[in-house]
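Per-entry structural report
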Amino acid sequence: NPEVRSALVRSAITRVNSEAAAEPVSEREVSAYYEEHKESYAAAASFDVTALYFESAPRAAAARAAVEAGSPVEQVVSDPLPFGSPGTHVSPRTLANYFGPGLADAVSHLAVGHATEVMQLGNGLVFICLNNKAPGEIPSLASVRELVAADALRDRQEHALETLLTSLRQTAHVELATASR
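Residues numbered from 1 in each chain as written. Predicted model: local features only at pLDDT ≥ 70, side-chain atom pairs only at ≥ 80, totals over all residues. Heavy atoms only, no water.

In this section: the overall build of the chain. A tally of regular secondary structure across the chain gives seven helices and three strands. Helices (α) and strands (β) of the chain occur, in sequence order from the N terminus, as α-α-β-α-α-α-α-β-β-α. Seen along its three principal axes, the alpha-carbon backbone of the chain occupies a region of about 75 × 60 × 25 Å. The buried share of the chain, taken over its 181 residues, is 26%. Looking at the chain alone, contacts between residues at least 24 apart form 70% of all its contacts between residues at least 6 apart. Of the roughly 12,200 Å² of accessible surface on the chain, a fraction of 54% belongs to carbon and sulfur atoms. Across the chain, 14 positive and 22 negative side-chain charges occur, with their mean positions spaced 8 Å apart. (Helix = DSSP H or I, 4+ residues; strand = E, 2+ residues; numbered from the N terminus. Buried < 20%, exposed > 50% of the residue type's maximum accessible area, 1.4 Å probe, protein only. Contact = heavy atoms within 4.5 Å. Areas by Shrake-Rupley, 256 points an atom, 1.4 Å probe, with all protein chains shown as cover. Lys, Arg positive; Asp, Glu negative; His and termini not counted. Charge placed at Lys NZ, Arg CZ, Asp CG, Glu CD.)

Right, here's the structure in full:
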């Protein structure tokens, strides 16, 4: 009966999770889990950028060349596309939401003071100047300890369930019924 089988599976999963969670996660487990996964707790880099929008390709190319030659953005164009206030850092995700993932990825590979290639955006062209970059940071274990402990416990529970399933697969006898036609 599928309902009985489903109830048994839920019960087995609940039992395995309860048993795995019965003992608190040790400091050693938390530290080991953090060392293996610390990149997943990192804050993303952020960027201070100026976006420049043009309706003509020659103007966009000339402006980009001037920026790349070292001219300040304010001298290159009098009306940069408003995007945050100067000195405000935005995440790669925010850049991707506004300008698309291609332009956001290009900004992440720029050196400060340089500009992306000119790209199509809507009915015009845009390039982005990178004014400043704050690198992503990996937080200390102390600042994310509770989150790491919860993740380490979840990892312990998943491992216990995988062990149970492997054991059941090795001892189960499965017969396939053939349908008669």
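Moving on, there is more to tell.
In this sheet, strand β3 (residues 124-134) lies alongside strand β1 (residues 46-54) in antiparallel orientation, the contact comprising nine bridges. Bridge pairing links V49 to L130 in β3. Relative to β3, strand β2 (residues 119-121) runs antiparallel, the two sharing three bridges. Looking at the pairing, Q120 lines up with L125 of β3. (Pairing = 2+ DSSP bridges.)

On the surface, a cluster of negative charge is contributed by E36, D155, E158 and E162. When residues of the negative patch are assigned to their parent elements, the largest contribution, three residues, is made by helix α7 (residues 141-171). Within the secondary structure layout, D155 lies in helix α7. Using a relative accessible area of 36% as the deciding quantity, one classes D155 as partly exposed. (Patch = residues over 30% accessible without salt bridge, like charges linked within 9 Å, V, L, I, M, F, W, Y side chains within 5 Å. Salt bridge = Lys/Arg side-chain N within 4 Å of Asp/Glu carboxyl O.)

Going through the model one piece at a time under the given rule, you end up with three aromatic pairs. Aromatic side chains F54 and F127 sit 5.9 Å apart centroid to centroid with 10° between the ring planes, which places their arrangement in the stacked category. Taken together, the residues F54 in strand β1 and F127 in strand β3 connect sequence positions 73 residues apart. On the basis of relative accessible area, F54 is assigned to the buried category, the value being 3%. Judged by its relative accessible area of 0%, F127 falls in the buried class. (Phe/Tyr/Trp six-rings, centres within 6.5 Å; stacked < 30°, edge-to-face > 60°.)

Before going further, it helps to spend a moment on the packing of helix α1 (residues 2-21) against α7. Packing of α1 against α7 leaves a shortest axis separation of 9 Å and a crossing angle of 130°. Comparing their axes, α7 and α1 come out oblique. Where α1 crosses over α7, the handedness of that crossing is right-handed. Packed against α1, whose contacting residues are I13, V16, N17, A20 and A21, the element α7 presents L153, R156, Q157, A160, L161 and L164 at the interface. Split by residue class, the contact of α1 with α7 holds eight nonpolar, two polar and one charged. (Axes fitted to C-alpha atoms, helices over the stretch in contact; angles between N-to-C directions. Parallel < 35°, antiparallel > 145°, perpendicular 65-115°, else oblique. Left-handed = near helix turned anticlockwise from the far one by under 90°. Nonpolar A, V, L, I, M, F, W, Y, C, P; charged D, E, K, R; others polar.)

Let's shift gears to helix α6 (residues 101-108). Along α6, the positions that sit buried rather than exposed are L103, A104 and V107. Within α6, the buried residues cover an arc of 100° as seen down the axis, which keeps them to one side. Where α6 is buried, its residues touch β1, α5 (92-99), β2 and β3. (Arc of directions from axis to C-beta.)

Overall, antiparallel pairing links the three strands, which are arranged β1-β3-β2 in an open sheet. The strands lining the two open edges of the sheet, one partner per strand, are β1 and β2. Here the average twist between neighbouring strands, direction ignored, is 45°. The strands touched by helix α3 (residues 57-68) are β1 and β3; relative to β3, the strand with the most contacts, the crossing angle is about 20°. Across the sheet, α5 is in contact with β1, β2 and β3; its angle to β1 comes to roughly 15°.

Treat this as a map of the structure, not an account of what it does.
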